[in-house]
Amino acid sequence: MALRAMPSSQWIRAAQQLSERYRADRTDAGAVLATGPKEALGYAALVMPAAYAQLAGAIAATVARTPPDFQPATLLDLGSGPGTALWAAVEQWSTLRSLHAWEREPAFINLGRQLAAAGDNDALKQAEWRQITLSGPLPRQTGQYDVVIIGHVLNELDDAARRVVVESAWEHCAGLLLIVEPGTSAAFPIVRAAREHLLALGAHTLAPCVHDLPCPLQNDWCHFPQRLNRPDFQRRAKEASAGWEEAKFSYAAMARFPAVMPAWGRLIHQPQVNKAGVELIVSSQRGIVRPRIPRRNRPRYRWATNLKWGGVLEEAVEDGA
């Protein structure tokens, strides 16, 4: 394992310094995260497990809304870091054969290659890495890819650069473009703006929205949890005692084809249980709705309380139903 090749005091300190940077005001978004191997390992120990969980959750939710005949073979990961999205993608799409990772920082590229070489997935081992800074239009000579992923990148760019990168990524996309950011009130508007931009370019929304209308949320943000069992090295990097965390993420899955089937809505919060019954908070085709199921309706009450945050509701749910 890469962490074993370096004294733990070095990568733990690098992880702590990175954590301090993330908690501070982000006035240095363009600054290099990993100047060398210990910084890259510190990032991997601190951030990579949660980032993987977020990307895996977003990809799984997206796959559930794609047609069965969508069997991607090529993938482009923009701002790949150490290849986190590549690992999450090959877990969901066994058909992937050609992976392309574009990353700014050589330390991440070296670590990404090292991690892939230690695995047993041929596509990961043969992934093509390129050192590219995402601040303007992407190289055009590379053609299109079945899947393009922009994970934990747009929050590092200014508004103008985000628009250029999103539009250029869409030009490189033959099928599905997936945008994933941390599930925070600061990151969600970035995802929403990217979705609106892509809708204007003719994209279809696969997830999380069940429609192609403007986002109906007001004074709230759309985010979803993914349970992460913290590996020992991450607990050490975070100085955390808990063995798990909920890694929350915001995402937009946009495609050149519509979703596999229409749906009425998606739960954007955990079911709210009270003395009278349970309230569902749903982003639906007619906006944000809050159907209430009374406790006296035992079958429907049990059904509603067992629903999961982020789950899709195929049919409409009415008050008292």
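Residues numbered from 1 in each chain as written. Predicted model: local features only at pLDDT ≥ 70, side-chain atom pairs only at ≥ 80, totals over all residues. Heavy atoms only, no water.

Undergrad: Before we move on, can you summarise the pattern of salt bridges with the specific residues and values?
TA: For the coordinates displayed, the defined rule picks out five salt bridges. Glu105 is paired through a salt bridge with Arg104; the nearest N and O atoms lie 2.7 Å apart. Residue Glu105 is classed as buried on the basis of its relative accessible area, which comes to 4%. Given a relative accessible area of 27%, Arg104 falls into the partly exposed group. (Salt bridge = Lys/Arg side-chain N within 4 Å of Asp/Glu carboxyl O. Buried < 20%, exposed > 50% of the residue type's maximum accessible area, 1.4 Å probe, protein only.)

Undergrad: A description of the state of the cysteines should follow, citing residues and the corresponding values.
TA: Covalent bonding between the sulfur atoms of two cysteines is what defines a disulfide. This model, assessed by the stated rule, comprises zero disulfides. The thiol sulfur of Cys209 is not disulfide-bonded, and the nearest other cysteine sulfur, from Cys215, lies at 6.0 Å. According to the relative accessible area criterion, Cys209 is buried, its value standing at 11%. (Disulfide = S-S within 2.5 Å.)

Undergrad: Can you break down the environment of Leu213 residue by residue, with the values?
TA: Its place among the elements puts Leu213 in the loop between β6 (204-207) and β7 (224-229). Sequence separation of Leu213 and Gln285 is 72 residues, and the distance between their C-alpha atoms is 8.2 Å. Once you skip the residues sitting within four places of it in the chain, Leu213 turns out to touch Arg195, Leu199 and Gln285. (Helix = DSSP H or I, 4+ residues; strand = E, 2+ residues; numbered from the N terminus. Contact = heavy atoms within 4.5 Å.)

Undergrad: Explain the sheet that holds strand β10 (residues 272-273) to me, and be specific about the residues and the numbers.
TA: Sheet architecture is open: three strands sit in the order β10-β11-β14, paired in antiparallel fashion. Every other strand in the sheet has two partners, leaving β10 and β14 (292-294) as the edge strands with one partner each. In the sheet, β10 pairs with strand β11 (residues 277-279) via two bridges, with the strands oriented antiparallel. Note on β11: the bridge partner recorded for Val273 is Val278. (Pairing = 2+ DSSP bridges.)

Undergrad: So what about the side chain of His197? Which residues, and what values?
TA: Structurally, His197 is set in helix α8 (residues 188-200). The contacts of His197, once residues within four sequence positions are left out, are Arg163, Val166 and Glu167.

Undergrad: Can you break down unusual backbone geometry residue by residue, with the values?
TA: The linkage connecting Ala207 with the following residue, Pro208, adopts the cis geometry, with an omega of 0°. Mapped onto the secondary structure, Pro208 falls in the loop between β6 and β7.

Undergrad: Go over the pairing of strand β5 (residues 173-182) with me, naming the residues and quoting the values.
TA: Counting buried positions along β5 gives eight out of ten residues, so the element sits mostly inside the fold. Taken together, the six bridges between strand β4 (residues 145-151) and β5 define a ladder with parallel strand orientation. Bridged to Gly151 within β5 is Val180. The handedness of the β4 to β5 crossover, carried by helix α7 (residues 159-171), is right-handed. (Right-handed = clockwise from strand over helix to strand, strands pointing away.)

Undergrad: Describe the environment of Ala259, with residues and values.
TA: With respect to the helices, strands and loops of the structure, Ala259 is situated in the loop between β8 (244-255) and β9 (265-267). Between the C-alpha atoms of Ala259 and Pro67, which are 192 residues apart in sequence, the distance is 6.8 Å. With residues near it in sequence (within four places) discarded, Ala259 still touches Arg65, Thr205 and Leu206.

Undergrad: Mind laying out the sheet that holds strand β15 (residues 312-313), listing which residues take part and the relevant values?
TA: One open sheet accounts for four strands, arranged β13-β12-β9-β15; its pairing is antiparallel. The sheet is open, and its two borders are formed by β13 (287-289) and β15, each paired with just one other strand. Pairing of β9 with β15, which is carried by two bridges, proceeds in the antiparallel orientation. If you follow Arg266 over to β15, its bridge partner there is Val312.

Undergrad: So what's going on with α7? Which residues, and what values?
TA: Its 13 residues give α7 an end-to-end C-alpha distance of 19 Å, which sits within 8% of 18 Å, the value for a rise of 1.5 Å per residue. Looking at α7, one finds that the buried residues are Ala161, Arg162, Val165, Val166, Ser168, Ala169 and Trp170. (Expected span 1.5 Å × (residues − 1).)

Undergrad: How would you explain the packing of α7 against α8 if you had to name every residue and give the values?
TA: Running from N to C, α7 and α8 cross one another at 50°; their axes reach a closest spacing of 10 Å. Compared by their axis directions, α7 and α8 come out oblique. Along this stretch, α7 crosses α8, giving a crossing that reads as right-handed. Within the contact between the two elements, α7 uses Arg162, Arg163, Val166, Glu167 and Trp170 and α8 uses Ile190, Ala194, His197 and Leu198. For the contact of α7 with α8, the residue count by class is five nonpolar, one polar and three charged. (Axes fitted to C-alpha atoms, helices over the stretch in contact; angles between N-to-C directions. Parallel < 35°, antiparallel > 145°, perpendicular 65-115°, else oblique. Left-handed = near helix turned anticlockwise from the far one by under 90°. Nonpolar A, V, L, I, M, F, W, Y, C, P; charged D, E, K, R; others polar.)

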